Amino acid sequence: MKHTISILAAAAVLGSAQAATAATEIEFWHAFTGRLGELVAEQVETFNASQSDYTVVATHKGNYSETLNAGIAAFRAGEQPDILMVFEVGTATMMAAKGAIKPVYEVMGDGFDQSKYIGSVKGYYTSPDGNMLSLPFNSSTPVLWVNRDKLAEAGIDPDTDMSTWEQVGGVLDALKEAGVSCPMTTAWQSWIHLENFSAYHDVPFATQSNGFDGTDTELALNGAAQVAHISAMGQWAQDGKFIYAGRRNEGGANFRAGECALFTESSAGYAGIKAEAEFDFEVRPLPYWKAVADEPQNTIIGGASLWVMEGQSDEEYAGVAAFMDFLSSPEIQAKWHQDTGYLPITTEAGELTREQGFYDANPGTDIAVIQMTAKEPTANSKGLRLGSFDQIRGIIDEELEAVWAGDKDAQTALDSAVERGNALLRRFEQAAR
Amino acid sequence: MEKRVTFKGIWLPLLLVLPQILITAVFFFYPAGQAIWQSLFIPDPFGLSMQWVGLGNFEYLLSDRYYRASFVTTAIFSILVTLVSMGVALYLAVLADRLIKGSGAYRTLLIWPYAVAPAVAGVLWLFMFNTRVGVVSWYLGQLGYDWNHVLNEGEAMGLVVVASAWGRISYNFLFFLAGLQAIPRSVIEAAAIDGARFWTRFRTIVWPLLSPTTFFLLVVNIIYAFFETFGVIHTITSGGPQQATTILVYKVYSDGFVGQDLGSSAAQSVILLVVVSILTIIQFKYIERRVHY
């Protein structure tokens, strides 16, 4: 009896080992934990069950920076995965690593229809001639979150128009007057109030089409429009109308707790706000300055994309292509979009979501999609491609903190951010030469 | 009269110290040599190419006024961390040394914080002082003090100093307590009989006899403040507001692992190596003279 069991067990082990060798393994390193991690695992399982040629093995490698570092270290050791998730600010680093990456359009082969991907989503990751270098995976864009109850309490009509910052300014005055302790807060200040601000008002964030046309780019974020915005925000900070909570999304806790009336944050904040907020909330398009632009251009994305690493076998690349094709299919994309609040990467997935009635059942979830896709992106609103950008954001954070604290005026702070950021860009240019 | 064991020949002693030399070579000289070598290049992150820049990385760093300011920040931070962690530890050790009942329990409790990883300690302190939901900042608010370490540089520095020093107090406490207990009771009792009060006894007997421990802890704590505190800084302030809490080692980390600028990061490591060597030499040359073994 004991023998039979051990023989059976041995046979089972052998059998599964054979199944594993028969299928080509595709290694996929990502940065997701918690609910998002589960959703990624679910996608991978669905793919693995759908065919028998390839097995995708998904591994969590820490946060965005850690995952990128793990990929770099692995490449140096010759042990790189097939697919590496890299956050959007790492795009220039990956692009410059010519011998280390294999552009997605090459992996996907001749039949690859790039036109089905949403322009303003893929635009961040395309080469100057419009070919996709990586596959957008999770993308979001900033919107304005409104606590309707708070507005009503302060005697303001919750439906009041807040499409422009001029109008928001009036609302902030009224909120402050009504004694609200936190009229407005923000997450990701550089991403929302400078990077997206510039794209949304169609002014350059950096020269050379925001770095798309070459690494000899210089920051241009100290233009008149940006200075005016940061100056207004600085004044609001001094008046206690804008409450600064931190460099990342610390402000989210204050908004979800019902303390703040307005909150500029990523559209992907949806899941968290929906789960925690015990008040009537609403998503509005990001405001723009009427004085700067008659109508807004599109906003840009944040999030991550999937890069294919160089140095793998042809079968593995065929598997990568199959997996990416699977991820781009309307059903999988629509489910991902609805589960996470991230933007759909294809037009079809967006349409499918609308047909399924998701936007009607969850009002406001399509604001981000509309805001991104209403206009064809310009050179200023395609995205950003700057080396050492994670560090440049750190510099911008420091300089903005000086404005919020009242230590510097907007012009001085942004001039200083440009000067310090340019020094990093020059180093990156030298390293990437 | 010193007793000394002498070896005949050179091979046996060499063999005996070989493991130590090997370990030092593999884990210290080799990486340090690599850092010096790398500091002369601007490499691309993937190791595909390297640009020889000679001393260019050092020039770039030293001409950056924010990097120079980081030296001052590091000095203030290290001095404060060392003073706070050693001062509190000495105070607690003196109290625990005088305990007769239940000293074991007190000692065990005081050692606990040492088991908490710096990054976790950082998160704990961050929660307590969170400007909106923190317990401590709420009480401070009740007292009419508006705590805001995300914008106030002094408060941010205070917070990272306290969080870094806190876990270290236990470690220092252990050494101070052991040092205190090694002081012969008879000497202290003799002084007491001669009419010396506690403070006089501490100043004239305990403190000098404790000096080897104090000196050891001074060296170790400064090295701790220089190198091992970046977890706390990363979780609490990320070097901000502005650059108020960007100490040298945090900049090494953020340039190397966030910015992928390995050349600058390597050059900073070399500078840090030089600074700490100089500090240690100064400590051994000038302060150790005043130590009574």
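Per-chain numbering applies: the sequence of each chain, read as written, is numbered from 1 onward. All chains are assigned letters beginning at A, and all ligands numbers beginning at 1, according to the order in which they are written. Per-residue local features are limited, in this predicted model, to residues with pLDDT of at least 70; the limit for side-chain atom pairs, both in listing and counting, is 80 or more; totals at the level of whole chains, interfaces and linings are taken over all residues.

Chemist: Any chance you could break down the overall build of chain A for me, citing the residues and the numbers?
Modeler: Each helix and strand in chain A was counted, giving 20 helices and eleven strands. The size measure is the radius of gyration over C-alpha atoms, and the globule rule it meets is 2.2 Å times the number of residues to the 0.38 power. Its C-alpha atoms give chain A a radius of gyration of 23 Å, within 12% of the compact-globule value 22 Å for 433 residues. Over its C-alpha atoms, taken along the principal directions, chain A stretches across nearly 80 × 50 × 40 Å. Within chain A, buried positions represent 52% of all 433 residues. Considering only contacts within chain A whose residues lie at least 6 apart along the sequence, 76% involve residues at least 24 apart. Secondary structure is summarised from DSSP: a helix means a run of H or I of at least four residues, a strand means a run of E of at least two, and numbering begins at the N terminus for each. Exposure criterion: with C-beta atoms placed from backbone coordinates, a residue whose C-beta has 20 or more other C-beta atoms within 10 Å is buried, one with 12 or fewer is exposed, and one in between is partly exposed. It is the C-beta atoms, placed from the backbone, that decide contacts: two residues are in contact if theirs lie within 7 Å.

Chemist: Give a detailed account of unusual backbone geometry, specifying residues and quantitative values.
Modeler: Residue Pro241(B) is reached from Gly240(B) by a cis peptide bond, and omega for that bond is -5°. In this structure, Pro241(B) sits in the loop between α10 (230-236) and α11 (248-258). Unusually for a residue other than glycine, Gln208(A) sits at a positive phi of about 60°. When you line up the elements, Gln208(A) lands in helix α10 (residues 207-210). Its identity is not glycine, yet Gln260(B) carries a phi of approximately 60°, on the positive side. Turning to its location among the elements, Gln260(B) is positioned in the loop between α11 and α12 (262-287). In this structure Gln260(B) comes out as buried when scored by C-beta crowding, with 25 C-beta atoms within 10 Å.

Chemist: Give me the domain arrangement of chain A: which residues, what numbers.
Modeler: One frequent convention defines the size of an interface as the accessible area lost when the parts assemble. Residues and elements named next belong to chain A. For the domain bounds, the source is a domain assignment made automatically or taken from a database. As assigned here, chain A comprises domain 1 (22-139 + 301-373) and domain 2 (142-299 + 387-431). Relative to domain 2, the C-alpha centre of domain 1 lies at a distance of 28 Å. Where the side of domain 1 that touches domain 2 is concerned, the elements lending two or more residues are α4 (91-96) and α18 (367-373). Take the side of domain 1 that touches domain 2: its biggest share by element is four residues, from α18. Amino acids are sorted into nonpolar (Ala, Val, Leu, Ile, Met, Phe, Trp, Tyr, Cys and Pro), charged (Asp, Glu, Lys and Arg) and polar (every other residue, Gly among them). Considering only residue class, the side of domain 1 that touches domain 2 consists of eight nonpolar, nine polar and no charged.

Chemist: Can you lay out the confidence of the model for chain B for me, pointing to particular residues and giving the numbers?
Modeler: Per-residue confidence from the predictor is given as pLDDT, running between 0 and 100. Chain-level pLDDT for chain B is 90 on average; 99% of the residues reach the 70-or-more range. Quick note on the complex model: pTM equals 0.87, ipTM equals 0.83.

Chemist: Outline the sheet that holds strand β8 (residues 242-243) of chain A, supporting the account with residue identities and numerical values.
Modeler: All names here are of chain A. Strand order in the open sheet formed by five strands is β8-β7-β9-β6-β10, with mixed pairing between adjacent strands. Both edges of this open sheet fall to β8 and β10 (281-284), since each of them pairs with a single strand only. Contacts from helix α8 (residues 165-177) reach β7 (182-186) and β9 (260-266) within the one sheet, and its direction differs from that of β7 by about 130°. Pairs of strands are assigned from DSSP output, requiring at least two bridges between the strands. Angles shown run from 0 to 180 degrees and are taken between the N-to-C directions of axes, each axis being a line fitted to C-alpha atoms and, for helices, limited to the stretch in contact.

Chemist: Give a description of the pairing of β7(A) that names residues and reports values.
Modeler: All names here are of chain A. Summarising burial for β7: five of the five residues are buried, a large majority. The pairing of β7 with β9 spans four bridges and is parallel. Residue pairing in the sheet places Met184 in a bridge with Leu262 of β9. Note that β7 and β8 share two bridges and pair parallel.

Chemist: Any chance you could break down the packing of helix α19 (residues 389-404) of chain A against helix α20 (residues 410-431) of chain A for me, citing the residues and the numbers?
Modeler: Residues and elements named next belong to chain A. Relative orientation of the contacting elements α19 and α20 amounts to 165°, with a least axis distance of 9 Å. By the angle between their axes, α19 is roughly antiparallel relative to α20. In this structure, α19 crosses over α20, and the sense of that crossing is right-handed. In this structure, α19 contributes Gln391, Ile392, Ile395, Ile396, Glu399, Leu400, Ala402 and Val403 to the contact, and α20 contributes Ala410, Ala413, Leu414, Ser416, Ala417, Arg420, Gly421 and Leu424. Class assignment of the residues belonging to the contact of α19 with α20 gives a composition of eleven nonpolar, three polar and two charged. Geometric relationships in this document are graded by angle, where less than 35 degrees denotes roughly parallel, more than 145 denotes roughly antiparallel, 65 to 115 denotes roughly perpendicular, and other angles denote oblique. The hand of a helix crossing depends on one turn: near helix anticlockwise from the far one by less than a right angle means left-handed, and clockwise means right-handed.

Chemist: Just give me the short version of α20(A), but keep the residues and values in it.
Modeler: Its 22 residues place the ends of α20(A) 31 Å apart at the C-alpha level, agreeing with the 32 Å of an ideal helix rising 1.5 Å per residue. Close packing links the buried residues of α20(A) with α11 (224-238) and α19 of chain A together with β1 (41-43) and β2 (50-52) of chain B. Under the convention used throughout, the expected extent of a helix is 1.5 Å for every residue step, that is, one less than its residue count.

Chemist: Can you explain the interface of chain A and chain B? Please cite residues and give values.
Modeler: Each partner contributes residues to the interface: chain A has 32 residues there, and chain B has 24 residues. The element contributing the most residues to the side of chain A that touches chain B is α19(A), with eight residues. In terms of residue class, the side of chain A that touches chain B is made up of 13 nonpolar, ten polar and nine charged.

Chemist: Before we move on, could you go through the confidence of the model for chain A and cite the residues and values that matter?
Modeler: A low pLDDT score tells you not to read the predicted coordinates there in detail. For chain A, mean pLDDT is 91; residues scoring 70 or higher make up 95% of the total. Note that residues 7-20 of chain A has pLDDT below 50 and, in this model, one contact with residues that lie over four places away or in other chains.

Chemist: How would you explain the environment of Thr264(A) if you had to name every residue and give the values?
Modeler: All names here are of chain A. Position of Thr264 among the secondary structure elements: in strand β9. On the basis of neighbour count, Thr264 is assigned to the buried category, with 25 C-beta atoms found within 10 Å. Not counting the four nearest positions on each side in its chain, Thr264 is found in contact with Pro142, Leu144, Thr186, Ile192 and Leu286.

Chemist: Which residues make up the packing of α11(A) against α20(A), and what values do they have?
Modeler: Residues and elements named next belong to chain A. Their axes nearest at 9 Å, the elements α11 and α20 cross at an angle of 125°. Taken together, α11 and α20 sit at an angle that is classed as oblique. Helix-helix and strand crossings are classified by hand; for α11 and α20 the assignment is right-handed. Between α11 and α20, the contacting residues are Gln226, Val227, Ile230, Ser231 and Gly234 on the first element and Ala410, Gln411 and Leu414 on the second.

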